[in-house]
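Structure at a glance
Each chain is listed here by its residues.
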Amino acid sequence: MKRQYDHRAVEPRWQAYWEQQHTFRVTEDLSKTKYYCLEMFPYPSGRIHMGHVRNYAIGDVVARYKRMRGFNVLHPMGWDAFGLPAENAAIEHGVHPGLWTDENIRYMRGQLRQMGLSYDWSREVTTSEPEYYRWNQWIFLKMYERGLAYRKRSAVNWCPSCETVLANEQVEEGHCWRCDSVVIQKELDQWFFKITDYAEELLKGLDGLTGWPERVLAMQRNWIGKSEGVEVDFPLAEPLGDLKAIRVFTTRQDTIFGATFMSLAPESPLLEGLIQNRPQAAVVREFVTRVSRQDKAVRTAADREKEGVFTGAYAINPFTKLRIPIWVANFVLYEYGTGAIMAVPAHDQRDFEFARRYGIPIRLVIQNPTGSLVEERLDAAYEEQKSAGALVNSGQFSGLSVPKAKEQIAEFVEAQGLGQRTVMYRLRDWGVSRQRYWGTPIPIIYCDACGLVPVPEGDLPVRLPKDVPFTGRGASPLAQVREFVSVRCPTCASPAKRETDTMDTFVDSSWYFLRYCSPKADQLPIEPAAAGYWMAVDQYIGGIEHAVLHLLYARFFTKALRDLGLTTADEPFRSLLTQGMVCKETYRCPTHGWLFPDDMVWSDKDGWHCAQCQSQAEKGRVEKMSKSKKNIVDPEHLIVTLGADTARLFSLFAAPPDKDLEWSDSGVEGCSRFLNRVWRLMIDLQPLLRQGAHTTSSEDVSSSGGTSRSQELRRLTHRTTKKVTTDIEREFQFNTAIAALMEFVNGLYKFVAERGPDDQPAETQALREAAQTLILLLGPFAPHLAEELWEMLGQKPSIANVPWPQYDPALVASERLTIPIQVNGKLRSKIEVPADSSEEQVITLARQDAKLSEWLQGKSPRRVIYVEKKLVNFVV
RNA sequence: GCGAGAGUGGCGGAACUGGCAGACGCGCGAGACUUAGGAUCUCGUGGGAAACCGUGGGGGUUCAAGUCCCUCCUCUCGCACCA
């Protein structure tokens, strides 16, 4: 047996074993408690990166640990295979997106296998396959039936030169990523999912997600953005036909007496009516056109200057009965509220700036507690609500506090029939139409006679045609395929046209975790019984970048599918772990930009230099690994040179999972060194431990008798077991669990070195227990090495289902304790006492301590503090 | 501006309900074994000559504070004209 651990031989061997033995294949087993461990499935971009390694290493520890704890563990993997990069590859290199994707999947699947991850590969799911996306279509149709999918005109990014729609990420500072033309907004008919129907449930549900990080919950709350207020009608001073009033939404009804003007969104359809036959008409139209031409990102930037124009029309403030001008303002959003606001310059900063700029009156209606606000001399809006004083200039409501006024004015509005209390959400419906090829075709047919006709369920899937022109220009690729577009109407059989938009790829990832429960189901997307057993996901692990969209859509889908009777789960993910980014230091050359490590030469005198121009490389910040910063480390290279176990171990050891991890090549070597240390230790012990390999359980090691050295070793074994177990259970503190394993190994080395030549049976037994425990505890972290050692010690493979070691609490406790002695809170000495010493005994021993008397200098302590088993503190 | 999180040795990071600050690893130093080692093993390693000083700064509570309270500073991330 080689003393150097050969991961190149060992790792593939166990990967093949697990595969052949179907070690990680699971089925529903009602006699066992299930545990569903899931990592976010990857986009098949070509090769795995360190972020994947970290993500999947974390998940694999959880899955393997839970399996050893006796759970029936579902741990699946698949591919988020639709998406823009495949289509870009087609445009740029002429490869078909399907082929490109399949090749990437094949390669990356191999890489994941090399990592030794405990997946049930028989459940693998690929979203770009018709067997999967047909169910996207099926779900879409069910949503359509229930009014949860609908069509609406909506703006998209449009490049006038490429004549194509651009995704948000293809718009770079308002310009097309390919041709640099200015991107404009264009209105198209598009499909939406009515996620807003679930706004309240999505918000309420967050309270129950106790296993989610606070900041993700906060982001989702913020995204849903619930606000309670009132809608109020402001009558027009001169009614225009049917239009007698303009409705606004406000959360600050308490300031309504201060509303000195109104503002409409530039997109408001009311505008045309208001400006007709007025001298202002031309100016308003010009303003609206100018604003609507602006890029959305530019227009909604927070520091954007507030501007607007007067429409010429007036409304009546229903409380003050004053005529107030109606303006159009660039900062008023058409999509939110009613697209019109009452403007209260004294108590809203935006309105304040606007009023100042255009000379509109400012009316103070809330006075601060000190009464120092003067209407004529405000330099900013007074927006304070919590500590605000009281209403002024507000008729019968003057004198009320802000909360009281909100309440009473809302009541008054309703009583007078001016409007009603309303709850508004920031959350918008989810636009799912994409003018792309590589996605799920939307299963809808447009017939001149019958109108919009859903594709009958029996005709699913609507397959993507294979021969499609990829030019990156003009209409969506599918629209150019006549055989795809022209179709017979399912109802009347007359010639009709297919929808050519495909679905947002977030649709695919919104329910894949449900599909894993019954990946081969062909009657329904999900077998309710299977979902009933496995759902919800007990532990979901992935990047923080999905804190809002993916996780919110997945929650929405789960609820919608629940309402279709496919699952009983209300929430998809019981617990969420958002792993930190993998970062690394960066280097820059003043002339050649970012540098790869290979682009630099080392000088002992003054560090790294640019290999091209010899100028000194500046050490940049530690940043997230990225190609552009040239600070990436290729996992494959690492796996080949040092092995998968090392790669896994380092990504778990260098930082707690939820924190950013700073890559360090020497740190990686340290982990490799540790595994080799374990290997050599076991190789050396093997002859001793193999004999009598049949006695394996810890009960065989008698806890009475034995040498004190064997007792010490057993204590270390059981302490380590406790530490590793609690560290995994408590917030997945893998870094400290691994540290404990390292201490364990250090202790074992020491024990072996000090061990005499004579064969003490108790010591051998204790050693055997220690070795076996070490291997099992190491199993979830470095599974290949652990399997190999387990077998080497004469055990039957595999460790995957060997019960997790138990610790004996009696053994964990020491017989002797070291008690620090403090004088006035400062450490002055230490004494060793038997663990069962009483308070009096410890204090007496402490008083006798030689070093202590030096510090007491004859003075008798005023007070003695004793903390059980912890310390003694003399106060003088 | 709002929300979340973080600031501890030369570095990554430990420290459960307040109770020995710096576990473990890296790096560094010394020694051992070696023809040699950048392999391996052992020991040491916060600063300071010492008294002492040390967990972003200042204040407080306490016998005792990285941990609790007040206050300030810095950094990271997310959202950001949502009425």
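Conventions adopted
Residues numbered from 1 in each chain as written. Chains lettered and ligands numbered in written order. Predicted model: local features only at pLDDT ≥ 70, side-chain atom pairs only at ≥ 80, totals over all residues. Heavy atoms only, no water. Helix = DSSP H or I, 4+ residues; strand = E, 2+ residues; numbered from the N terminus. Buried < 20%, exposed > 50% of the residue type's maximum accessible area, 1.4 Å probe, protein only. Contact = heavy atoms within 4.5 Å. Areas by Shrake-Rupley, 256 points an atom, 1.4 Å probe, with all protein chains shown as cover. Lys, Arg positive; Asp, Glu negative; His and termini not counted. Charge placed at Lys NZ, Arg CZ, Asp CG, Glu CD. Phe/Tyr/Trp six-rings, centres within 6.5 Å; stacked < 30°, edge-to-face > 60°. Lys NZ or Arg CZ within 6 Å of the ring centre and 35° of its normal. Axes fitted to C-alpha atoms, helices over the stretch in contact; angles between N-to-C directions. Nonpolar A, V, L, I, M, F, W, Y, C, P; charged D, E, K, R; others polar. Pairing = 2+ DSSP bridges. Right-handed = clockwise from strand over helix to strand, strands pointing away. Core = buried A, V, L, I, M, F, W, Y, C linked by side-chain atoms within 4.5 Å. 1 Å grid on protein atoms, 1.4 Å probe; cavity = no way out; pocket = protein on both sides within 12 Å on 5 of 7 lines; lining within 4 Å. Points joined across faces, edges and corners; volume = space filled by probe spheres on them. Near = heavy atom within 4 Å. Polar contact = N/O pair within 3.5 Å; in protein donor to acceptor, adjacent residues only side chain to side chain.

**A closer look at the overall build of chain A**
Helix and strand counts for chain A come out as 26 helices and 37 strands. Here the C-alpha coordinates of chain A stretch approximately 110 × 85 × 65 Å along the principal axes. When the 876 residues of chain A are sorted by exposure, 53% land in the buried category. The contacts of chain A with a sequence gap of at least 6 include a subset with a gap of at least 24, amounting to 72%. Accessible surface, chain A: about 39700 Å² in total, of which carbon and sulfur atoms supply 50%. Counting 106 positive and 111 negative side-chain charges, chain A places the centres of these two groups 2 Å from one another.

**Looking at the packing of aromatic side chains**
Taken as a whole and assessed by the stated rule, the structure comprises 46 aromatic pairs. For the ring pair Y437 and F470, a centre distance of 5.0 Å and an interplane angle of 75° mean the geometry is edge-to-face. Here F470 lies in the loop between β22 (451-454) and α13 (482-485) and Y437 lies in the loop between β20 (433-434) and β21 (444-447), a separation of 33 residues in the sequence. With a relative accessible area of 19%, F470 lands in the buried category. Between the NZ or CZ atom of R677 and the centre of the ring of Y749, over which it lies, the distance is 4.2 Å.

**Quick notes on the packing of helix α18 (residues 644-653) against helix α21 (residues 734-754)**
Packing of α18 against α21 brings their axes to within 7 Å, and their N-to-C directions diverge by 115°. Along the contact surface, α18 presents L649, L652 and F653, while α21 presents F734, N735, I738, A739 and M742. Residues of the contact of α18 with α21, tallied by class, amount to 7 nonpolar, 1 polar and no charged.

**Things to note about the sheet that holds strand β2 (residues 72-74)**
Read from one edge to the other, the open sheet built from 4 strands follows the order β2-β1-β26-β27, with strand pairing classed as parallel. The sheet terminates laterally at β2 and β27 (576-579), the two strands that pair on one side only. Between one strand axis and the next, the sheet turns by 20° as a mean value, whatever way the strands run. Of the pairings in the sheet, the one linking strand β26 (residues 539-543) to β27 comprises 4 bridges and is parallel in character. Looking at β27, one finds that G542 is bridged to T578. In the packing of helix α2 (residues 50-68) onto the sheet, the strands contacted are β1 (34-39), β2, β26 and β27, and the crossing angle to β1 comes to about 175°.

**Here we look at the pairing of β27**
Burial along β27 is two-sided: L576 and T578 and L577 and Q579, pointing in opposite directions, are all buried. One crossover worth recording links β26 to the parallel β27 by way of helix α16 (residues 549-563), and it is right-handed.

**Notes on the nonpolar core**
Burial of nonpolar side chains together is a common tendency in soluble globular proteins. Membership of the largest hydrophobic core comes to 180 residues, with the highest contact counts inside it found for Y36, F193, F513, M535, F557, W663 and F781. For this core, the leading source of residues is helix α19 (residues 665-690), giving 12 residues. Here F781 is in contact with V61, D645, R648, L649, L652, V724, I728, F734, A737, I738 and L741, once residues within four sequence places are set aside. Formed by 58 residues, the second largest nonpolar core is a distinct cluster that contains A315, V344, F352 and L418.

**With respect to the layout of surface pockets**
A volume near 560 Å³ is recorded for the second largest pocket. Along the walls of the second largest pocket sit 23 residues, with K584, P597, I632, V633 and D665 positioned nearest its centre. Listed by contribution, the elements that provide at least two residues to the lining of the second largest pocket are β28 (582-589), β30 (600-603), α17 (635-642) and α19. Top contributing element to the lining of the second largest pocket by residue count: α17, with 4 residues. Its residues assigned to classes, the lining of the second largest pocket comprises 13 nonpolar, 3 polar and 7 charged.

**Here's the deal with helix α3 (residues 84-93)**
Within the span of α3, buried status applies to L84, A86, E87, N88, A89 and A90. Packed against the buried residues of α3 are α4 (97-114). Once α3 ends, the next one or two residues include G94, with phi positive near 70°.

**Section: the side chain of H52**
With respect to the helices and strands, the residue H52 is situated in helix α2. Ignoring sequence-local partners within four residues, the contact set of H52 consists of P42, R47, A57 and M108.

**Comments concerning the sheet that holds strand β36 (residues 863-867)**
Read from one edge to the other, the open sheet built from 4 strands follows the order β35-β34-β37-β36, with strand pairing classed as mixed. Either end of the sheet is taken by a strand with one partner, and the two such strands are β35 (826-834) and β36. Across the sheet, the axes of successive neighbouring strands diverge by a mean angle of 20°, strand direction being ignored. Alignment of β36 against strand β37 (residues 871-875), held across 5 bridges, turns out to be antiparallel. Among the inter-strand pairings, V864 is bridged to a residue of β37, identified as F874.

**Quick look at the protein's contact with RNA strand B**
Lining the immediate environment of RNA strand B, one finds 54 residues, of which T250, T251, Y336, R350 and K830 sit closest. Counting only atoms of RNA strand B within 4 Å of the protein, the sugar-phosphate share comes to 65%. Within the side chain of Y336, a nitrogen or oxygen atom sits 2.4 Å from a phosphate oxygen of RNA strand B. K830 places a polar side-chain atom, nitrogen or oxygen, 2.4 Å from a base oxygen of RNA strand B. Looking at the surface near RNA strand B, the elements that each hand over two or more residues are α7 (214-224), β11 (243-250), α19, α21, β34 (816-823), β35, β36 and β37. Top contributing element to the surface near RNA strand B by residue count: α21, with 8 residues. Taken together, the residues of the surface near RNA strand B sort by class into 22 nonpolar, 12 polar and 20 charged.

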